[in-house]
Amino acid sequence: MALIATNVCDYKELAKQKLPRMVYDYYALGAEDQHTVRENKEAFSRIQFRPRVPIDVSHIDMYTSVLGYNISMPIMIAPTALHKMAHPEEELASARAAATAGTIMTLSSWSSYSIEEVNSTGPGTRFFQLSVYKDRNLVQRVIRRAEKAGYKAIVLTVDAPWLGRREADVKNRFTLPPNVVLKNFEGLDFGKIDKVNDSGFAAYYDACQSIKWLQTITSLPILMKGILTAEDARIAVELGAAGVIVSNHGGRQLDHGHVWMVVREAKGRVPVSLDGGVRRGTDVFKALALGASGLRSICKSTAELLC
């Protein structure tokens, strides 16, 4: 009897049945011992509710705003790479779904469809995830394309100076399928990088220098993604980040990397979002109760340690 998907975990099981092992492992697994991958989910289960019963909940309004953009619920789509390995229209379909749901999608630099192709799906509020590379002319060109296409913010990834050691990818000898390319960098020498042990594509500047330089070339708000500590949250605010995204990269970078005191340190000066481990609406509620402004729903971090 075919599995009827009723929650996110069921879709994971369906994906395991349908996708080639190399592709499934790329999406589902993380770095080294997978401790952080497991903890991202399990941290939510340790948070218990303190229910209040005699409260009128006949009218519920989940609308909120992020950087001034209204969304229907405090759930957004996080930047994730290479959707096309799972479905031929994946980033395009994700963009359409986000627009239909009335929420924000952040497009990954490593998308298998280009900035322009995703924008062509129609109206919708979209952010663009950026990694700052050694070729600053390339970065400027990519930002100009995002600006021209109407993307509303830059999500700067700061936690991947070197690609994490994802041992499943090494064992599977992961390579991109022939029909999948990094469309935002098509035609460039590193636009076809497919070796999991090569961090040339993730050759970042120092995060502090990166955001200062980016602020000189774009007026778009810049959110810093990959913040895990109070100290780094403080630095992000001091650097003028428009927001902080608490993320340990889905456990795909530093294993045993968790988050501490980020909301408390932000002190309401910037919105704090998180990604990771979110599987149910109750997980969203728990993160909001702990002070998060919103969640990225394709996920990579923990909520329990936000407070």
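Calculation notes
Residues numbered from 1 in each chain as written. Predicted model: local features only at pLDDT ≥ 70, side-chain atom pairs only at ≥ 80, totals over all residues. Heavy atoms only, no water. Buried < 20%, exposed > 50% of the residue type's maximum accessible area, 1.4 Å probe, protein only. Helix = DSSP H or I, 4+ residues; strand = E, 2+ residues; numbered from the N terminus. Pairing = 2+ DSSP bridges. Right-handed = clockwise from strand over helix to strand, strands pointing away. Patch = residues over 30% accessible without salt bridge, like charges linked within 9 Å, V, L, I, M, F, W, Y side chains within 5 Å. Areas by Shrake-Rupley, 256 points an atom, 1.4 Å probe, with all protein chains shown as cover. Salt bridge = Lys/Arg side-chain N within 4 Å of Asp/Glu carboxyl O. Lys, Arg positive; Asp, Glu negative; His and termini not counted. Charge placed at Lys NZ, Arg CZ, Asp CG, Glu CD. Polar contact = N/O pair within 3.5 Å; in protein donor to acceptor, adjacent residues only side chain to side chain. Contact = heavy atoms within 4.5 Å. Phe/Tyr/Trp six-rings, centres within 6.5 Å; stacked < 30°, edge-to-face > 60°.

Draft legend 1. Highlighting the pairing of strand β7 (residues 222-227). Counting buried positions along β7 yields six of six residues, so the element is predominantly enclosed. The pairing of strand β6 (residues 154-157) with β7 spans four bridges and is classified as parallel. If you follow Ile-154 over to β7, its bridge partner there is Ile-222. Following the chain from β7 across helix α9 (residues 230-238) to the adjacent parallel strand β8 (residues 243-246), one finds a crossover that is right-handed.

Draft legend 2. Focus on a positive patch on the surface. A cluster of basic residues, Lys-12, Lys-16, Lys-41 and Arg-280, forms a positive patch at the surface. The topology assignment puts Arg-280 in the loop between β9 (272-275) and α11 (281-289).

Draft legend 3. Region of interest: the side chain of Ser-72. Looking at where Ser-72 falls in the secondary structure, it is placed in the loop between β2 (69-71) and β3 (75-76). We classify Ser-72 as buried; its relative accessible area is 16%. At 2.5 Å, the side chain of Ser-72 forms a polar contact with the backbone oxygen of Ala-101. With near-sequence residues (within four places) excluded, Ser-72 lies in contact with Met-62, Tyr-63, Ala-101 and Gly-102.

Draft legend 4. Layout of the packing of aromatic side chains. Applying the stated rule across the entire model yields four aromatic pairs. Taking the centre distance of 4.7 Å and the plane angle of 10 degrees together, the rings of Tyr-26 and Phe-174 count as stacked. Separated by 148 residues along the polypeptide, Tyr-26 in helix α2 (residues 21-28) and Phe-174 in the loop between α7 (167-172) and α8 (207-217) bring together distant segments of the chain. Overall, the relative accessible area of 7% leaves Tyr-26 in the buried class. Relative accessible area serves as the criterion here: at 7%, Phe-174 is assigned to the buried category.

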